Amino acid sequence: MTTRDNKKNTDKKAFPVYNQKLAGFLMMSGYRLMGIEENTKYKGKNVFYFMESVNIRKSIQAYFGNSR
């Protein structure tokens, strides 16, 4: 099953992350990785998919030092 099929089956919105270190930070923070795909625009890079939520956006802001 591909990540796209998995996203359709869960009926939840996937949030793409293009930064591998950020994806690792999110996983270490307890967010579950939904899937990985190869980035079609940049060969050799990946896109990491997490479940969309308000909390994940806050964690990303905190990671980049933009927490409010």
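Scroll up for the structure.
In what follows, the accompanying structure is described.

### Description of helix 2 (residues 20–28)
Every buried residue of helix 2 is accounted for by L22, A23 and L26. Seen from one end, helix 2 has its buried residues packed into an arc of 100°, which puts them on one side. Projecting away from the buried face of helix 2 at angles above 90 degrees are the exposed residues Q20, K21 and M28. Between the side-chain oxygen of the N-cap and the backbone nitrogen of K21 there are 2.9 Å, and the N-cap of helix 2 in question is N19. Positive backbone phi, at 100°, marks G30, one or two positions downstream of helix 2.

### Comments concerning the side chain of N39
Of note, N39 is situated in the loop between strand 2 (33–38) and strand 3 (46–51). Within the structure, the side chain of N39 is placed 2.9 Å from the backbone nitrogen of K41, a separation counted as a polar contact. Not counting residues within four places of it along the chain, the set of residues in contact with N39 comprises Y18, K45, N46 and V47.

Cut-off values and rules
Note on numbering: residues in each chain are counted from 1, in written sequence order. Local features are withheld for residues below a pLDDT of 70 in this predicted model, meaning they are given only at 70 or higher, and side-chain atom pairs are given and counted only at 80 or more; totals for whole chains, interfaces and linings count all residues. Side-chain metrics rest on all non-hydrogen atoms present in the structure, leaving aside hydrogens and water. Burial classes: relative accessible area under 20% of the type maximum marks a residue as buried, over 50% as exposed, and values in between as partly exposed (1.4 Å probe, protein chains only). The way it works is that DSSP assigns letters per residue, a run of H or I at least four long becomes a helix, a run of E at least two long becomes a strand, and they are numbered from the N terminus. For this quantity, the arc is that covered by the directions from the helix axis to the C-beta atoms. By the criterion applied in these results, polar contacts are pairs of N or O atoms within 3.5 Å in which, for protein atoms, one can donate a hydrogen and the other can accept it, and in which residues neighboring in sequence qualify only through two side-chain atoms. Whether two residues touch is decided by their heavy atoms; if any such pair falls within 4.5 Å, the residues are in contact.

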